Amino acid sequence: MRLLLLAAAAASVLAGAAGAQQATQPGQRLSVDRVFESPDLTGPRARGVKLSPDGSAVTYMKVKPDNLRITDLWIADVSGGAPRLLIDGASLIPQGRTLSEAEKSRRERLGVQTSGVVEYAWDEQGRYILAPVEGDLFLYQRADGQIRQLTNTPGDEIDAKVSPRGTYVSWVRDDNLFIAPSSGGAERAITQGGDELKSWGTAEFIAQEELDRSTGYWWSPDESRIALTFVDQSGVDIIDRPEVGATGATVVRQRYPRTGRPNARVELYVADVASGQRTKVDLGANADIYLSRVNWSKDGKTLYVQRLSRDQRRLDLLSVNPATGASKVILSETSPHWVEATDDFTALKDGSFLWSSDRSGSRHLYLYGRDGKLIRQVTRGAWTLDALEGVDEARGVAFFGASIDTPIERRLYTVSYLKPGQPAPLTKAGGWWTESVAHNGAAFVGTYQDPRTPPQTALYKADGSLVRWIEENRLAEGHPYWPYASTLSTPTFGTIKAADGQDLHWSMRTPPGFDPSRKYPVIVQVYGGPHAQQVKKDWASPEDRLFLEAGYILFRLDNRGSANRPVRFQTALDRRLGSVEVQDQVAGARYLQTLPYVDAGKIGVTGWSYGGYMTLMMLTAENSPFAAGVSGAPVTDWSLYDTAYTERYMGTPQQNPEGYKAGDVLTHLDRLKPGSVMILHGMADDNVTFDNATRVFASLQAKAIPFETMVYPGLRHRAGWTPANRKHRALVTLDFFNRKLKGAD
């Protein structure tokens, strides 16, 4: 389940210092129209940032200033000069073309909200950039600066790549894998006979949605082989899902693996590029597993496969002979809760590899030999490694992102993996960093943001010193947000204690002109589920100002189960979704009720996806302190959700019937205050299917409990929501809260 909140907010003002932190100069009032118009109020942001393999350039995607729905590809030379447009996404979009269902589904899984250039890839030599645009492929050649269209077919070319040495371009079309020379020439099918049920080189629904694996094939470093999946969905249940659009409806027969039911069967093969011959990889006797990750060794002589058990309590690392397919387990991770899949595995030139594990109680980095035997633990401490970002093998140094000082800040660090030592920070404290590290570790591109600084992207040397700006995005005169900047308040962060004594971080933001002697209504913005963190020192969505300027305090709290915390914190909700996380959010509301400037009877809540589920569960909690809520695309019965996500945290319905019953929204609906909820849902949602909402509608109607709803024809869980759709969603949400928390018509 992916994170998508109606509005992400940062925070402002402790009780004792609330008034002193507000801006004293009035700024312009932000209109609803302006929030959703071009240019983006956050300013020019670099997305999908990558360093060229030779370190001479930085590439990134950026939305058009006059159209928030189209992205272009830009390039900036490390040596200096203004960034320049490389591929104009709008100019390459074919007229009248409709994306295939496979590509629509893939974009939904990836959360793609724009058209034009939405992804791209370098070859490892830095000679080419491959960019799919609305189903066709375009190749940029650095040598002459020319762009060539490689494909022009009725079908969509998806998951396109340039081979490591730049000799080939590869893609999946109509469920088969193809390659073609990058220099030009005829395409060649590596597989044949694939179809919607039995496909080659694809990532199945569960891999994309829940395991963060969006590809189904992997080139060997020398380009002689390709490891690829064979996915058989014929055993997956068909869910008849109505898809209601603006002018009609269809019934989609979707292969959807609900919890406790069969998954797609996934096999792995190694194809010889020259001959096309395929060798099957031995993944073990039990076929009911997840193919989590696939990596090649640096010399291409070993294929590493991460095999995750169906209950996700065991992760095995297999060492595979690509010539024979023979495999052996060289490392296993086990947990009484679940084992997280990550991208931290990194093969090194000498055959050793870096690996992350939660076995110490927090995620840390470890160095292993080729045989899977532990050489040393690289990092340790009462903090959690977020991601291994890169390696400098010449110096024996690893780059990683983590929140060592506080969970609400993230920085880039280096540490030696060859000898014991403490991590050294490369980036400043005070906010939230994301990074892309060069292959050789000689430089990195870092994006920094904090509550008063919109995302700024720059190139840095390996020691953290600035080389050049990519998108400075400075909040100053001329910036889209500048007319409203003087009333941008400074957030306040704090903690309360959970029932088990663990710290729960919260954030709060107050309206312009805040007066601590008055009473204000509060909107709690919630997600609450695993794999997510809401309380951090980052830039807030401009959409939040609509609620702030309407006179609401915005509050967020990271309950137990949230990410970026120790194992004990994250697993507190194991086998009992809808329990401790609701308790913690109720505790947050009780804390709010103690503040002198909070109207204790006027606390609302809103969230999307898991946040929509939490909204319903918080409204129906015993003696709920919440007066009203807007629930977006909620899961309402965990037996209706997919295998990997639900079974990871709940087991199957057969194994945990009481947990499923307690986590079912219908179990608690008798406690819902009449007229206190509005439920929003896209009528083409293929992730949290629409029957999650309709079963609540029917139950509330049977109980004669009034409620409100707003449904969106043709819209899915994430993809396809236009600025106009988002504007409407914000307006109905604000209107609902005005009526319920302020008594305004």
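Reading the values: rules and limits
- Residues numbered from 1 in each chain as written.
- Predicted model: local features only at pLDDT ≥ 70, side-chain atom pairs only at ≥ 80, totals over all residues.
- Heavy atoms only, no water.
- Helix = DSSP H or I, 4+ residues; strand = E, 2+ residues; numbered from the N terminus.
- Rg over C-alpha atoms; globule rule 2.2 N^0.38 Å.
- Buried < 20%, exposed > 50% of the residue type's maximum accessible area, 1.4 Å probe, protein only.
- Contact = heavy atoms within 4.5 Å.
- Lys, Arg positive; Asp, Glu negative; His and termini not counted.
- Charge placed at Lys NZ, Arg CZ, Asp CG, Glu CD.
- Domains from an automatic or database assignment.
- Buried area = accessible area lost by both parts, 1.4 Å probe.
- Pairing = 2+ DSSP bridges.
- Axes fitted to C-alpha atoms, helices over the stretch in contact; angles between N-to-C directions.
- UniProt positions renumbered as here; feature names shortened; annotations may be inferred.
- Salt bridge = Lys/Arg side-chain N within 4 Å of Asp/Glu carboxyl O.
- Parallel < 35°, antiparallel > 145°, perpendicular 65-115°, else oblique.
- Left-handed = near helix turned anticlockwise from the far one by under 90°.
- Nonpolar A, V, L, I, M, F, W, Y, C, P; charged D, E, K, R; others polar.
- Right-handed = clockwise from strand over helix to strand, strands pointing away.
- pLDDT = per-residue confidence, 0-100.
- Phe/Tyr/Trp six-rings, centres within 6.5 Å; stacked < 30°, edge-to-face > 60°.
- Lys NZ or Arg CZ within 6 Å of the ring centre and 35° of its normal.
- Polar contact = N/O pair within 3.5 Å; in protein donor to acceptor, adjacent residues only side chain to side chain.

In the annotation of an unreviewed UniProt entry, the entry for the protein chain reads S9 family peptidase, and the organism field reads Phenylobacterium deserti.

1. Focus: the overall build of the protein chain
For the protein chain, the count of helices and strands is 12 helices and 44 strands. Radius of gyration (C-alpha) of the protein chain: 25 Å, near the 27 Å computed for a compact globule of 745 residues. Dimensions of the protein chain along its principal axes, counting C-alpha atoms only, are 75 × 60 × 60 Å. Looking at the protein chain as a whole, 61% of its 745 residues qualify as buried. Long-range contacts, defined as pairs at least 24 residues apart, comprise 59% of the intrachain contacts of the protein chain with a sequence gap of at least 6. When the 86 basic and 86 acidic side-chain charges of the protein chain are each reduced to a single mean position, those positions are 3 Å apart.

2. Topic: the domain arrangement of the protein chain
Per the domain assignment, the segments making up the protein chain are domain 1 (49-183), domain 2 (190-341), domain 3 (379-450 + 453-487) and domain 4 (491-742). For domain 3 versus domain 4, the separation of C-alpha centres amounts to 31 Å. On the side of domain 4, 14 residues touch domain 3, which itself brings 18 residues to the contact. Across the interface of domain 3 and domain 4, roughly 1500 Å² is buried in total on both sides, 60% from carbon and sulfur atoms. The largest contributions to the domain 3 side of the interface with domain 4 come from Pro407, Ile408 and Tyr481, which together make up 39% of the buried area.

3. As for helix H8 (residues 610-619)
Within H8, 10 of the 10 residues are buried, which leaves the element mostly enclosed by the surrounding structure. Among the residues of H8, Tyr610, Gly611, Gly612, Tyr613, Met614, Thr615, Leu616, Met617, Met618 and Leu619 are the ones counted as buried.

4. Regarding the sheet that holds strand E10 (residues 158-162)
Spatial strand order, E10-E11-E12-E13: four strands in an open sheet with antiparallel pairing. Of all strands in the sheet, those bounded by a partner on one side alone are E10 and strand E13 (188-189). By the bridge criterion, two bridges tie strand E12 (residues 176-181) to E13 in an arrangement that is antiparallel. For isoleucine 179, the partnering residue across the bridge sits in E13 and is arginine 188.

5. Section: the sheet that holds strand E22 (residues 303-309)
Read across the sheet, four strands follow the order E21-E22-E23-E24 without closing on themselves; strand pairing throughout is antiparallel. Since the sheet does not close on itself, it has two edges, and those belong to strand E21 (289-296) and strand E24 (327-334), each with one partner. Across the sheet, the mean angle separating the axes of adjacent strands is 20° when strand polarity is ignored. Pairing between E22 and strand E23 (residues 314-320): six bridges, direction antiparallel. In the sheet register, tyrosine 304 faces E23, and the bridge partner there is serine 319.

6. Some thoughts on the UniProt feature "domain: Dipeptidylpeptidase IV N-terminal" (unreviewed entry) in the protein chain
UniProt's feature table lists "domain: Dipeptidylpeptidase IV N-terminal" (unreviewed entry) at residues 132-455, given in the numbering used throughout. Segment residues 132-455 splits into 2% helix and 48% strand. End C-alpha atoms: 26 Å apart.

7. Quick notes on the pattern of salt bridges
Taken as a whole and judged by the stated rule, the model has 46 salt bridges. For arginine 261, the salt bridge identified is with aspartate 237, shortest N-O distance 2.6 Å. Here aspartate 237 lies in the loop between strand E16 (225-232) and strand E17 (238-244) and arginine 261 lies in the loop between strand E18 (249-255) and strand E19 (265-272), a separation of 24 residues in the sequence. Note that lysine 703 and aspartate 670 form a salt bridge whose closest N and O atoms lie 2.8 Å from each other. With a gap of 33 residues between them, lysine 703 in the loop between helix H11 (691-702) and strand E44 (708-712) and aspartate 670 in the loop between helix H10 (657-662) and strand E43 (677-682) connect regions that are remote in the sequence. Salt bridges sharing common partners tie together Arg265, Asp288, Arg310 and Glu647.

8. Remarks on the side chain of threonine 414
Within the fold, threonine 414 resides in strand E31 (residues 411-416). Since its relative accessible area comes to 13%, threonine 414 is described here as buried. Apart from the residues within four sequence positions on either side, threonine 414 is in contact with Val397, Ala398, Phe399, Phe400, Gln422, Pro423, Ala424 and Leu426.

9. Structural notes on the packing of helix H7 (residues 580-593) against H8
Following both chains from N to C, one finds H7 and H8 inclined at 70°, their axes separated by 10 Å at the closest point. When the interaxial angle is binned, H7 and H8 end up roughly perpendicular. With respect to the hand of their crossing, H7 and H8 are arranged in right-handed fashion. Along the contact surface, H7 presents Glu581, Val582 and Gln585, while H8 presents Tyr610, Met614, Met617 and Met618. A per-class count over the contact of H7 with H8 returns five nonpolar, one polar and one charged.

10. Points about the pairing of E44
Pairing of E43 with E44 involves five bridges; the strand directions are parallel. Opposite methionine 678, over in E44, you have glutamate 708 as the bridge partner. In this region the chain leaves E43, passes through H11 and returns to the parallel neighbour E44; the handedness of that crossover is right-handed.

11. Things to note about helix H9 (residues 643-650)
Counted residue by residue, H9 has eight buried out of eight residues, so it is predominantly covered. Burial in H9 covers these residues: Thr643, Ala644, Tyr645, Thr646, Glu647, Arg648, Tyr649 and Met650. Glycine 651 lies just past H9 and shows a positive phi near 70°.

12. Here's the deal with the confidence of the model for the protein chain
Per-residue confidence for the protein chain averages 93 on the pLDDT scale, and 96% of its residues sit at or above 70. Here residues 2-26 is a poorly scored stretch, pLDDT under 50, and it has 101 contacts once near neighbours within four places are set aside; other chains count.

13. A short note on the packing of aromatic side chains
This structure, assessed with the given rule, holds 35 aromatic pairs. On the basis of an interplanar angle of 40° and a centroid distance of 5.8 Å, the ring pair of tyrosine 527 and tyrosine 610 is categorised as tilted. One end of the pair, tyrosine 527, is in the loop between strand E39 (520-525) and helix H5 (544-549); the other, tyrosine 610, is in helix H8, with 83 residues separating them in the sequence. Both residues of the pair, tyrosine 527 and tyrosine 610, belong to the buried class. Measuring from centroid to centroid gives 5.4 Å for tyrosine 610 and tyrosine 613, while their planes differ by 80°, and the two rings are edge-to-face. Separated by three residues within a single helix, tyrosine 610 and tyrosine 613 lie in helix H8, roughly one turn from each other. Taking the relative accessible area as the measure of exposure, tyrosine 613 reaches 0% and is therefore buried. Joined through ring pairs, the aromatic side chains of Trp338, Tyr527, Tyr610, Tyr613, Trp638, Tyr641, Tyr645 and Tyr649 make up one cluster. The ring of tryptophan 200 has arginine 278 sitting right over it, with the charged end atom 4.2 Å from the ring centre.

14. So, the side chain of asparagine 176
With respect to the element layout, asparagine 176 can be found in strand E12. Within the structure, asparagine 176 has its side chain in polar contact with the backbone nitrogen of glutamine 192 (distance 3.4 Å). In this view, asparagine 176 contacts Trp171, Thr191, Gln192, Gly193, Gly194 and Trp200; residues no more than four positions away in its chain are not counted.

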